[in-house]
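Chain and residue survey
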Amino acid sequence: MPNPDLNNDRALAPAEMRPTVILLSAQGRPFTQSLAREIAALDRVVLICGRYEGVDERINQLYCDMELSIGDYVLSGGELAAAVVIDAAMRLLPGVLGNEASSEFESFGVPDADIATEVEGVPRSQHGAGGLLDYPHYTRPAEFAGLKVPEPLLNGDHQAIRRWRREQQLRKTLVNRPDLLEHAKRSGALSRKDLEFLKSVSQEIVD
């Protein structure tokens, strides 16, 4: 059972000393990349992991600031969910990734408006995801098992590469997560060219 004295100590502690307490639960709000960014910005975080039927609801009411779910399914305990939250948040901290820009150019990443347009004078060949899925990635060799790296990625034209990546980003999101596109449309994150491309791809799928 909760200890009222512990709760009082928590209430009397200076705000900057209080950890944010998160309960991992199938009944919680969905964990997203934006929430990962919020958690990464916190000074202190405590994750509570239930087991089987979870924890007494009074623990949630007395001590927890947030109830969080990593997906629409049920696990035997919150330990794996806690590991997911830790990994997603930790990689957003400075110095964790070898290249900090990597966390900007990926699925569910920030929009173009939040990213510098040039780095050391070189035109940027990536689009910020703006909540959409990432574009496909290719490495060496240029041909593998009969499949070649798409031609636009080989010609050194930053603008052509940037446009190809955006189109693939839109195509993959349309096929795998059309719900993300609906949100992007409502928020005004899609340009006229984006909408025209989506219309043409939608017609391809229908045909």
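For the structure itself, consult the block above.
Right, let's walk through the structure included here.

Rules and cut-offs
- Residues numbered from 1 in each chain as written.
- Predicted model: local features only at pLDDT ≥ 70, side-chain atom pairs only at ≥ 80, totals over all residues.
- Heavy atoms only, no water.
- Helix = DSSP H or I, 4+ residues; strand = E, 2+ residues; numbered from the N terminus.
- Buried < 20%, exposed > 50% of the residue type's maximum accessible area, 1.4 Å probe, protein only.
- Polar contact = N/O pair within 3.5 Å; in protein donor to acceptor, adjacent residues only side chain to side chain.
- Contact = heavy atoms within 4.5 Å.
- Patch = residues over 30% accessible without salt bridge, like charges linked within 9 Å, V, L, I, M, F, W, Y side chains within 5 Å.
- Areas by Shrake-Rupley, 256 points an atom, 1.4 Å probe, with all protein chains shown as cover.
- Salt bridge = Lys/Arg side-chain N within 4 Å of Asp/Glu carboxyl O.
- Phe/Tyr/Trp six-rings, centres within 6.5 Å; stacked < 30°, edge-to-face > 60°.
- Lys NZ or Arg CZ within 6 Å of the ring centre and 35° of its normal.

1. Here's the deal with the side chain of serine 25
In this fold, serine 25 is placed in strand E1 (residues 20–30). Take serine 25: its relative accessible area is 12%, and that puts it in the buried class. Of the polar contacts made by the side chain of serine 25, one reaches the side chain of glutamine 27; its length is 2.9 Å. Setting aside anything within four residues of it in sequence, one finds serine 25 in contact with Glu67, Leu68 and Ser69.

2. A short note on a nonpolar patch on the surface
Judged by side-chain polarity, Tyr73, Leu75 and Leu80 come together as a nonpolar surface patch covering roughly 300 Å² of accessible area. Along the chain, the position of leucine 80 falls in helix H4 (residues 79–90).

3. Some words on the packing of aromatic side chains
Remark: the centre distance and the inter-plane angle together describe each pair of aromatic rings, the angle taken between the planes. Taken as a whole and judged by the stated rule, the model has 1 aromatic pair. The ring of tyrosine 52 carries arginine 51 above its face, with NZ or CZ at 5.1 Å from the centroid.

4. Some points on unusual backbone geometry
With glycine set apart, most residues show a phi of negative sign, and most peptide bonds adopt trans. In this chain, arginine 140 is followed by proline 141 through a cis amide linkage whose omega measures 0°. Phi at tyrosine 52 is positive, roughly 60°, even though this residue is not glycine. Among the secondary structure elements, tyrosine 52 is positioned in the loop between strand E2 (45–49) and helix H3 (57–63). Classification of tyrosine 52 by relative accessible area gives exposed; the value is 64%. For alanine 145, which is not glycine, the phi dihedral falls at a positive 50°. Relative to the helices and strands, alanine 145 resides in the loop between strand E6 (143–144) and strand E7 (147–148). For alanine 145, a relative accessible area of 71% corresponds to the exposed category.

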